[in-house]
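Residue-level structural notes
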Amino acid sequence: FSDIDKFKCSGSTAVAIGKFDGIHKGHVKLLQQVLNEKKNGYEALAFTFERPIADFCTGGISQVLTTNEEKREYLSELGFDYEIIMPVNADTVSIAPEIFLRDIIAGKLHAGVIAAGPDLSFGRNGSGNFELLSKMADDSGYRALKVDKVRYSGEDISSTLVRDHVSSGDMEYAGQLLGHPYSVSGRVTYGRHLGRTLDMPTVNLEPEPFKLLPPFGVYFSDIIIGTDRYHGITNIGIKPTVTDEGKITVETYIYDFNDDLYGETL
């Protein structure tokens, strides 16, 4: 529990608990409830999980909408003071939900307010839920806030729904659910420089293997470099004529841009 054991703050925290994969409009509603508590003197803390708990149980590797690094960046931009990403392993998945709330969230993280969605699940065998969170509030010294889901076009917004639309290539609809365009981040790597011979230099990102990508194809894209934003076109796919490694690449041509970005994070 490295992050938790090292945690220190000067006062009490308002804690948002959730997986927060994608940080869609429903997540933002919940997170904003916690951020609103800052005016009451609380520090804002987001508590999430290193990877899907189902992956630990099944041994699988699920594709995610946001990597842990992307999640930290989003949460920091929203205004959170702290982000705790709990490791998922044999020790953490076996914690009794009562101990999780009393000793970790209320105890080590100094929670005075805890916000979560109605489908909250935590602790051994996922047996902890919002009912337990609310039941333990008085004795553990926190206030429980239930934040209902956000609906769009007659459906509850969920990470699963966003994944379905990203997987099918409906990026405009996915963006409506997220409240922002779907994004991929990473460091620029060297390609074969063939684009330069065609007077069309490109930058290459190697996404993490468990990052969910849209279907192979060419997409209009915005490119964010630090605080600057550019326009471009991005190809997602495997280029067997260029590389024999069979890797999926995210290759972008940036309009009116010629600087060397190797090693930069985009």
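See the structure printed just above.
Residues numbered from 1 in each chain as written. Predicted model: local features only at pLDDT ≥ 70, side-chain atom pairs only at ≥ 80, totals over all residues. Heavy atoms only, no water.

Observations concerning the environment of leucine 78
Within the element layout of this structure, leucine 78 appears in helix α4 (residues 68-78). Separated by 43 residues in the primary sequence, leucine 78 and leucine 35 place their C-alpha atoms 8.5 Å from one another. Leaving out residues up to four positions away in the same chain, leucine 78 has contacts with Ile23, Leu31 and Leu35. (Helix = DSSP H or I, 4+ residues; strand = E, 2+ residues; numbered from the N terminus. Contact = heavy atoms within 4.5 Å.)

Concerning the packing of helix α9 (residues 159-167) against helix α10 (residues 171-178)
Remark: α9 packs on α10, axes separated minimally by 8 Å, with the N-to-C direction vectors making an angle of 160°. In this view, α9 runs roughly antiparallel relative to α10, as classed from their interaxial angle. Every pair of crossing elements has a handedness; the one defined by α9 and α10 is left-handed. Here Leu161, Val162, His165 and Val166 of α9 come into contact with α10, specifically with Met171, Tyr173, Ala174, Leu177 and Leu178. (Axes fitted to C-alpha atoms, helices over the stretch in contact; angles between N-to-C directions. Parallel < 35°, antiparallel > 145°, perpendicular 65-115°, else oblique. Left-handed = near helix turned anticlockwise from the far one by under 90°.)

Some thoughts on the side chain of threonine 252
Mapped onto the secondary structure, threonine 252 falls in strand β12 (residues 249-254). Each residue touching threonine 252, except ones within four places of it in the same chain, is listed here: Pro201, Thr202, Val203, Ser221, Ile223, Ile233 and Thr234.

Here's the deal with the sheet that holds strand β9 (residues 203-205)
Taken in spatial order, the five strands make up an open sheet running β8-β9-β12-β11-β10, and their pairing is antiparallel. The sheet terminates laterally at β8 (188-189) and β10 (217-225), the two strands that pair on one side only. As paired strands, β10 and strand β11 (residues 228-237) are joined by nine bridges and run antiparallel to one another. Within the sheet, the bridge partner assigned to tyrosine 219 lies in β11 and is threonine 234. (Pairing = 2+ DSSP bridges.)

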